[in-house]
Amino acid sequence: MYYKSLNKLSPSVSFEKAVVFGLAPDKGLYFPEEINPLPASFFENIETFTFTEIAYEAIKQFIGNEISENELKKILSETLNFDFPLINVEENVYSLELFHGPTMAFKDVGARFMARCLAYFNKKNPSQKNTILVATSGDTGGAVANGFLGVPNVEVIILYPSGKVSDVQERQLTTLGQNITALEVDGVFDDCQDMVKKAFLDSDLAHKNLTSANSINVARWLPQMFYFFFAYKELKKYNRPLIVSVPSGNFGNICAGIMAKKLGLPIAHFVASTNENDTVPRFMTTEIYSPKASVPTLSNAMDVGNPSNFIRIQELYQFDMDAFRNDFSSYHFSDEETINLMKKIYDQFNYITEPHGAIGYLGLKKELVNYPNHIGVFLETAHPIKFSAIVESALKLTLPIPKQIEGVLNKEKKSFKIKTYADLKEFLN
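Residues numbered from 1 in each chain as written. Predicted model: local features only at pLDDT ≥ 70, side-chain atom pairs only at ≥ 80, totals over all residues. Heavy atoms only, no water.

### Re the packing of helix α15 (residues 335–349) against helix α16 (residues 355–368)
1) Next: Between α15 and α16, whose axes approach to 9 Å, the crossing angle comes to 85 degrees. Comparing the axis directions of α15 and α16 gives the class roughly perpendicular. On α16, the residues that touch E337, T338, L341, M342, I345 and F349 of α15 are P355, A358, I359, Y361 and L362.
2) Next: Each residue belonging to the contact of α15 with α16 can be placed in one class, and the counts come to nine nonpolar, one polar and one charged. (Axes fitted to C-alpha atoms, helices over the stretch in contact; angles between N-to-C directions. Helix = DSSP H or I, 4+ residues; strand = E, 2+ residues; numbered from the N terminus. Parallel < 35°, antiparallel > 145°, perpendicular 65-115°, else oblique. Contact = heavy atoms within 4.5 Å. Nonpolar A, V, L, I, M, F, W, Y, C, P; charged D, E, K, R; others polar.)

### Some remarks on the sheet that holds strand β11 (residues 269–274)
1) Next: One open sheet holds the six strands; their spatial order is β4-β5-β13-β10-β11-β12, and the pairing between them is mixed. Each end of this open sheet is capped by a strand with a single partner; those strands are β4 (86–90) and β12 (328–332). Shown here is a sheet whose adjacent strand axes are inclined to one another by a mean of 25 degrees, direction ignored.
2) Next: Pairing of β11 with β12 involves five bridges; the strand directions are parallel. Paired with V271 across the two strands is S329, which belongs to β12.
3) Next: This element, helix α12 (residues 279–286), spans β11 and β12 of the sheet and lies at about 125 degrees to β12. (Pairing = 2+ DSSP bridges.)

### Examining the environment of F349
1) Next: Checked against the element boundaries, F349 lands in helix α15.
2) Next: When its relative accessible area of 29% is taken as the criterion, F349 is described as partly exposed.
3) Next: Once the C-alpha coordinates of F349 and N88 are considered, the two residues, 261 residues apart in sequence, prove to be 9.8 Å apart.
4) Next: Among residues more than four places away in sequence, those in contact with F349 are V89, E90, K344 and Y361. (Buried < 20%, exposed > 50% of the residue type's maximum accessible area, 1.4 Å probe, protein only.)

### Digging into the environment of A231
1) Next: Position of A231 relative to the elements: it lies in helix α10 (residues 225–235).
2) Next: Here the alpha-carbon distance between A231 and G252, two residues 21 residues apart in the chain, equals 18 Å.
3) Next: Residues contacting A231, with those up to four places away along its chain left out, are L86 and L96.

### Looking at the UniProt feature "domain: Tryptophan synthase beta chain-like PALP" (unreviewed entry) in the chain
1) Next: Taking the numbering used here, the UniProt-annotated feature "domain: Tryptophan synthase beta chain-like PALP" (unreviewed entry) corresponds to residues 95–366.
2) Next: Structurally, residues 95–366 comprises 45% helix and 15% strand, and the distance from its first C-alpha atom to its last is 16 Å. (UniProt positions renumbered as here; feature names shortened; annotations may be inferred.)

### Observations concerning the pattern of salt bridges
1) Next: Inspection of the entire model under this criterion finds 15 salt bridges.
2) Next: E90 is the partner of K365 in a salt bridge, and the nearest nitrogen-oxygen pair spans 3.3 Å. Of this pair, K365 sits in helix α16 while E90 sits in strand β4, and the two are 275 residues apart along the sequence.
3) Next: Judged by its relative accessible area of 34%, K365 falls in the partly exposed class.
4) Next: By relative accessible area, which is 15% here, E90 ends up buried. (Salt bridge = Lys/Arg side-chain N within 4 Å of Asp/Glu carboxyl O.)

### Here we look at the nonpolar core
1) Next: Of all hydrophobic cores here, the largest spans 120 residues; its most connected members are F15, F148, L159 and F229.
2) Next: One finds M342, Y351, V391 and A394 within the second-largest nonpolar core, a separate group that totals 30 residues. (Core = buried A, V, L, I, M, F, W, Y, C linked by side-chain atoms within 4.5 Å.)

### Examining unusual backbone geometry
1) Next: Positive phi outside glycine occurs at Q178, with the angle close to 50 degrees.
2) Next: Mapped onto the elements, Q178 comes out in the loop between α7 (167–174) and β8 (180–185).
3) Next: Given a relative accessible area of 68%, Q178 falls into the exposed group.
4) Next: Even without being glycine, K396 reaches a positive phi, approximately 55 degrees.
5) Next: In this structure, K396 sits in the loop between α17 (388–395) and α18 (403–409).
6) Next: The class of K396 is exposed, set by a relative accessible area of 70%.

### So, the pairing of strand β1 (residues 2–5)
1) Next: Judged by which residues are buried, β1 turns out to be one-sided: Y3 and S5 face inward and are buried, whereas Y2 and K4, on the alternate face, are not.
2) Next: Pairing geometry for β1 and strand β2 (residues 13–14), over two bridges, is antiparallel. In the strand pairing of β2, Y2 is matched with S14.

### A word on the sheet that holds strand β9 (residues 210–211)
1) Next: If you walk across this open sheet you meet the five strands as β9-β6-β7-β8-β14, and the pairing is parallel. Where the open sheet ends on each side, the last strands, each with one partner, are β9 and β14 (416–418).
2) Next: With two bridges joining them, strand β6 (residues 130–135) and β9 adopt parallel strand pairing. Of the residues in β9, the one forming a bridge with T131 is L210.
3) Next: Taken strand by strand, helix α8 (residues 189–200) contacts β6, β7 (154–161), β8, β9 and β14, and its axis lies near 150 degrees from that of β6.

In structure tokens:
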């Protein structure tokens, strides 16, 4: 499998090089040159396969022969060694809980898969050293830090916006030490992301072998397809069309879901549910892509004003708006609507959600009005404990602390403060 740059000015590269480079030299995101649908028999018999077997069938064409079958299955087995429960919240509405991994966020799957792929490639090339440079609006940092902790020949540097991530999120990326370093940026997530992209293209930093573990990296992005296959496996028995609502910030997760659909996965419709950072909902109305500076919200992991992965979604539809609208809707919601929904879903169904999942639920319910005979799934992307101050205040309760979180609460936070790209460059050099 080869990967092209969506800016179309750089040569195509192998999966390994796409992982190691992260971003193409022309600033474009890498995208598979081919997408081959899976056979109908796979979906007809999907309930007979394990999660690892499903993941292997979904991902193998994107790896090609660069990782052996046995090694790839081992990587997948280690990546997916926790549960992905589907909770029936109310009639015809399910929560797909993606927070049962080591950092209690959906990004654990992509981070663990990428870390193991990079470790495999480095084992083949012992002299190769990599620097993972990643921007986080919340959960990416912790997932990447945990996934790459102790990986030989890999240094991880995480940029996060000061004061704009939760305490638990900050502790997960600032307390591990070893090969993990956190940089606290005086700005918003988009500032962090802009610095990372600029560093990738800075010839003065070529010796650092920079790559990203954000969803712009194909090894972080593509494994997110797995969730959608897992949900379909569990709900196939009802023989009804599915709508999936995805809390969306950088749009990597929902883009992976659409990729799964292009592979043949029978999902009828996707909803990109956003907070007040409404670049894509506005695009769906105006057909003009006009990003604006991100604004802080209670659902901070979605505070993205210029979502990188939206260009991949447009590529999947070849910029055909009619086909796109047939499969895709996008709505935005305020903090007030988010809090009110969190209270309502707890009072009516005794289900605890956090701000991102609540927005996913809001978008799903809005779309189900148009499809009353469908089954709806919203992605619950992080454990409520990661936003305990918001959840406990809204619901008037005290959350028990999961074992995954206990380990970081009493550790000392350590980060380095920076303001500008010049500060980042000086730190890297």
